[in-house]
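Examination of the molecular architecture
Each chain is listed here by its residues.
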Amino acid sequence: MATENFSKEVETRLKDFFTHVINSDDMAKTIRQVNYTLSLCAMRGCETVESEIENIEDSFYWLNKLAEVLDPYLEVD
């Protein structure tokens, strides 16, 4: 995982995305809903995602990290 700063172009695209497409709170909520659904499906043995369990685990971790950056919820003291 790269830890470099965003380029100006990426910063601009992110600002535009969160200004004109979806706000960060709604994006964080959406990410959490997707994670919840995928996690339930994986735990219940959903055939569609059985072959992707490892990818789902990785995605679950990183999407929650992004959600926390966008709208801290789980890590609030």
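Below you will find a few notes about this structure. (Residues numbered from 1 in each chain as written. Predicted model: local features only at pLDDT ≥ 70, side-chain atom pairs only at ≥ 80, totals over all residues. Heavy atoms only, no water.)

1. Section: helix α3 (residues 53-70)
For α3, with 18 residues, the first-to-last C-alpha span of 25 Å sits near the 26 Å given by 1.5 Å per residue. The set of residues buried in α3 consists of Ile56, Asn64, Ala67, Glu68 and Leu70. The buried residues of α3 occupy an angular sector of 155° when the element is viewed end-on, so they sit on one face. In α3, those exposed residues whose orientation departs by more than 90 degrees from the buried face are Glu54 and Val69. (Helix = DSSP H or I, 4+ residues; strand = E, 2+ residues; numbered from the N terminus. Expected span 1.5 Å × (residues − 1). Buried < 20%, exposed > 50% of the residue type's maximum accessible area, 1.4 Å probe, protein only. Arc of directions from axis to C-beta.)

2. Thoughts on the packing of helix α2 (residues 24-43) against α3
Contact geometry for α2 and α3: axes closest at 9 Å, N-to-C directions at 155°. The pairing of α2 with α3 is recorded here as roughly antiparallel in orientation. Considering the relative orientation of α2 and α3, their crossing is left-handed. When α2 is examined against α3, the residues Ser24, Met27, Ala28, Ile31, Arg32, Asn35, Leu38, Ser39 and Ala42 are found in contact with a partner set consisting of Ile53, Ile56, Ser59, Phe60, Leu63, Asn64, Leu66, Ala67, Glu68 and Leu70. Across the contact of α2 with α3, the residue classes tally to 12 nonpolar, 5 polar and 2 charged. (Axes fitted to C-alpha atoms, helices over the stretch in contact; angles between N-to-C directions. Parallel < 35°, antiparallel > 145°, perpendicular 65-115°, else oblique. Left-handed = near helix turned anticlockwise from the far one by under 90°. Contact = heavy atoms within 4.5 Å. Nonpolar A, V, L, I, M, F, W, Y, C, P; charged D, E, K, R; others polar.)

3. Some words on the packing of aromatic side chains
In this structure the tally under the stated criterion is 2 aromatic pairs. Taking the centre distance of 4.8 Å and the plane angle of 85° together, the rings of Tyr61 and Trp62 count as edge-to-face. Classification of Trp62 by relative accessible area gives partly exposed; the value is 42%. (Phe/Tyr/Trp six-rings, centres within 6.5 Å; stacked < 30°, edge-to-face > 60°.)

4. Topic: the side chain of Arg32
Topologically, Arg32 is positioned in helix α2. A distance of 2.8 Å separates polar atoms of two side chains, one belonging to Arg32 and the other to Glu68. Contact partners of Arg32, with chain neighbours within four places excluded, come to Asn64, Ala67, Glu68, Asp71 and Tyr73. (Polar contact = N/O pair within 3.5 Å; in protein donor to acceptor, adjacent residues only side chain to side chain.)

5. Considerations on the pattern of salt bridges
Summed over the entire model, instances satisfying the criterion amount to 2 salt bridges. A salt bridge links Arg13 to Glu9, with the nearest nitrogen and oxygen atoms 3.6 Å apart. Of the two residues, Arg13 and Glu9 are both situated in helix α1 (residues 8-21); the distance of 4 residues between them amounts to about one turn of the helix. Given a relative accessible area of 54%, Glu9 falls into the exposed group. Linking Arg32 and Glu68 is a salt bridge whose minimum nitrogen-to-oxygen distance equals 2.8 Å. Taken as a pair, Arg32 in helix α2 and Glu68 in helix α3 lie far apart in primary sequence, 36 residues in all. Take Arg32 and Glu68: they sit in the same class, and that class is buried. (Salt bridge = Lys/Arg side-chain N within 4 Å of Asp/Glu carboxyl O.)

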